[in-house]
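# Report on the structure
Now for the letters of each chain:
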Amino acid sequence: DEDTRTAARMAARLDYFMVKEDEDTRGRQHGEIATLIIEGLHAEGVTDDRIEVVPEEPKAVERGIELMGDGDIVVVLADDVRGVLSRVRELAPGAV
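None of the values given here were measured: they were computed from a predicted structure. (Residues numbered from 1 in each chain as written. Predicted model: local features only at pLDDT ≥ 70, side-chain atom pairs only at ≥ 80, totals over all residues. Heavy atoms only, no water.)

## Description of the overall build of the protein chain
- Within the protein chain, the secondary structure is distributed over four helices and two strands.
- The C-alpha radius of gyration computed for the protein chain amounts to 13 Å, which stays within 12% of the reference 12 Å derived for 96 residues, consistent with globular compactness.
- Considered along the principal axes of its C-alpha atoms, the protein chain spans approximately 35 × 30 × 20 Å.
- Scored against the burial criterion, the 96 residues of the protein chain give a buried share of 25%.
- Contacts in the protein chain between residues far apart in sequence, at least 24 positions, make up 62% of those at least 6 positions apart.
- Per element, the accessible surface of the protein chain, about 6,600 Å² overall, is 50% carbon and sulfur.
- In the protein chain, which carries 12 positive and 23 negative side-chain charges, the distance between the mean positions of the two groups comes to 3 Å. (Helix = DSSP H or I, 4+ residues; strand = E, 2+ residues; numbered from the N terminus. Rg over C-alpha atoms; globule rule 2.2 N^0.38 Å. Buried < 20%, exposed > 50% of the residue type's maximum accessible area, 1.4 Å probe, protein only. Contact = heavy atoms within 4.5 Å. Areas by Shrake-Rupley, 256 points an atom, 1.4 Å probe, with all protein chains shown as cover. Lys, Arg positive; Asp, Glu negative; His and termini not counted. Charge placed at Lys NZ, Arg CZ, Asp CG, Glu CD.)

Next up, the structure:
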């Protein structure tokens, strides 16, 4: 739990957060990891208007690309790396 919160605190310097869940919940209930991440972000002063929860990874990637503007960088901590890369290449050719 603390490792997840720490990772979120380290990322808190970014502008906007799309929180998703991995397929493998490691024995946890769906939503539990997202809650830990949000707790870590809140601990660093990140407000709810900078956090969006999109539980399914493919939809979270699509939403991130949808929000991306000129000069923006989208960081994805991917569970399905090949699937994410394929989707990014479809939605934003030349971005990867």
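## Structural notes on the nonpolar core
- Counting nine residues, the largest nonpolar core is built from Ala8, Ala12, Phe17, Val19, Ala34, Ile38, Leu41, Val46 and Ile51.
- By residue number, the principal contributor to this core is helix H2 (residues 32–43), which donates three residues.
- Filtering out sequence-adjacent residues up to four positions away, Ile51 remains in contact with Tyr16, Phe17, Val19, Ile38, Leu41, His42 and Val46.
- By size, the runner-up hydrophobic cluster in this structure holds five residues, among which are Val61, Ile65, Val84 and Val88. (Core = buried A, V, L, I, M, F, W, Y, C linked by side-chain atoms within 4.5 Å.)

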